[in-house]
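Notes for the structure review
So the chains spell out like this:
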Amino acid sequence: MPPRPEAAGRVRRFSGPVRWVHRTTAALTLLCVATAACLYVPQLAELVGRRHLLVTVHEWSGLLIPVPLLAGLVARSLRADLRRLNRFGPHDRQWLRAVRRRDHRPGSRPAGKFNAGQKLYAAWIAGAVLVMAGTGLLMWFTGLAPLMWRTAATFVHDWLALAVGLVLGGHIAMALKDPEARRGMRTGSVERRWARREHPLWQEPAAPGERLEHQ
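Bear in mind the structure is a predicted one, so any value in this text is a computation, not a measurement. (Residues numbered from 1 in each chain as written. Predicted model: local features only at pLDDT ≥ 70, side-chain atom pairs only at ≥ 80, totals over all residues. Heavy atoms only, no water.)

Glancing now at the overall build of the protein. Within the protein, the regular secondary structure consists of 10 helices and two strands. Every one of the 215 residues in the protein was classed for burial, and the buried ones make up 29%. Across the protein, the fraction of contacts at a sequence separation of at least 24, relative to all contacts at a separation of at least 6, is 63%. Here the protein has roughly 14,000 Å² of accessible surface; of this, 65% comes from carbon and sulfur atoms. (Helix = DSSP H or I, 4+ residues; strand = E, 2+ residues; numbered from the N terminus. Buried < 20%, exposed > 50% of the residue type's maximum accessible area, 1.4 Å probe, protein only. Contact = heavy atoms within 4.5 Å. Areas by Shrake-Rupley, 256 points an atom, 1.4 Å probe, with all protein chains shown as cover.)

By the definition in use, this model includes four aromatic pairs. Here a set of aromatic residues connected by ring pairs shows up, and it is made of Trp60, Trp140 and Phe141. Above the face of the Phe114 ring, Arg13 is positioned so that its terminal group lies 5.7 Å from the ring centre. A cation over an aromatic ring shows up here: Lys119 above the ring of Phe88, its NZ or CZ 5.5 Å from the ring centre. (Phe/Tyr/Trp six-rings, centres within 6.5 Å; stacked < 30°, edge-to-face > 60°. Lys NZ or Arg CZ within 6 Å of the ring centre and 35° of its normal.)

What follows is about the side chain of Arg10. Inspection of the secondary structure assignment puts Arg10 in strand S1 (residues 10-12). Arg10 gets classed as buried once you look at its relative accessible area, which sits at 16%. A polar side-chain atom of Arg10 sits 2.8 Å from the main-chain carbonyl oxygen of Ser189. (Polar contact = N/O pair within 3.5 Å; in protein donor to acceptor, adjacent residues only side chain to side chain.)

A few words on the pattern of salt bridges. All chains considered together, the criterion is met by eight salt bridges. Between Glu180 and Arg10 there is a salt bridge, with its nearest N and O atoms 3.0 Å apart. In this pair, Glu180 is assigned in helix H9 (residues 179-187) and Arg10 in strand S1, connecting sequence segments 170 residues apart. In this structure, Arg197 engages Glu198 in a salt bridge whose closest nitrogen and oxygen atoms are separated by 3.2 Å. Overall, Arg197 belongs to the exposed group, its relative accessible area being 54%. Linked by salt bridges that have partners in common, Arg10, Glu180 and Arg183 make up one network. (Salt bridge = Lys/Arg side-chain N within 4 Å of Asp/Glu carboxyl O.)

It is worth spelling out the packing of helix H7 (residues 116-140) against helix H8 (residues 147-176) at this point. Closest axis-to-axis distance for the H7/H8 pair is 9 Å, and the angle between their directions is 150°. By the angle class used here, H7 and H8 are roughly antiparallel. Where H7 crosses over H8, the handedness of that crossing is left-handed. Contacts between H7 and H8 pair Tyr121, Trp124, Ile125, Ala128, Val131, Met132, Thr135, Gly136, Leu138 and Met139 from the former with Arg150, Ala153, Thr154, Val156, His157, Leu160, Ala161, Ala163, Val164, Val167, Leu168 and His171 from the latter. Looking at the contact of H7 with H8 residue by residue, the class counts come to 16 nonpolar, five polar and one charged. (Axes fitted to C-alpha atoms, helices over the stretch in contact; angles between N-to-C directions. Parallel < 35°, antiparallel > 145°, perpendicular 65-115°, else oblique. Left-handed = near helix turned anticlockwise from the far one by under 90°. Nonpolar A, V, L, I, M, F, W, Y, C, P; charged D, E, K, R; others polar.)

Right, let's get into the packing of helix H1 (residues 16-40) against H9. Remark: H1 packs on H9, axes separated minimally by 8 Å, with the N-to-C direction vectors making an angle of 105°. Of the possible angle classes, the one that applies to H1 and H9 is roughly perpendicular. Here Arg19, His22 and Arg23 of H1 lie close against H9, whose contacting residues are Gly184, Met185, Arg186 and Thr187. The residue makeup of the contact of H1 with H9, split by class, is one nonpolar, three polar and three charged.

Residues Trp60, Leu63, Leu64, Val67, Leu137, Phe141 and Leu144 make up a contiguous nonpolar surface patch of roughly 620 Å² in combined accessible area. Looking at the nonpolar patch, the element that brings in the most residues is helix H3 (residues 51-64), giving three residues. Turning to its location among the elements, Phe141 is positioned in the loop between H7 and H8. Of the residues examined, Phe141 reaches a relative accessible area of 41% and is grouped as partly exposed. (Patch = residues over 30% accessible without salt bridge, like charges linked within 9 Å, V, L, I, M, F, W, Y side chains within 5 Å.)

What follows is the structure, given as structure tokens:
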């Protein structure tokens, strides 16, 4: 029998439902971004063709992005992680100040299970998805609003789509720099040393029979 992650110097970080929601949401988001690029970049549009199919895939992938999160809310572990992402504390402000000063000294960037950058990213992308869905519906169902509203919705949708693409690119770049963080999302566990270095305020999951609150 293989050793448990904790016995091998690893600690549980993400549950199965959390990883499923992350992967499914990521796949839908990338599909939506890729089809948008094929619709708006002439060179890609000529290469791919089949514009009607691309429009259909883009519309439905965009509408489905919130579905994995809503379905995953039945899992207590996901709800707990969402509460952590939505909670800012003094240590988060310290983390942001250290980033602004480019301070990499040990202990200069305290973080719980999620650092301040991850919390800001989660809040921004959640708001962007809501705005993109709302403006997209106005563009899709032309009878919902007058022409002036639809024109404004198109402007907001297009420019916010560009911003989302850039932010997602930054998110992926940060993930590529940290193999252990990617391994945590892929397998659910991370090295204990990594957890203590990158998230020193995160209390590790309790052993059976113990009660332990997470930061």
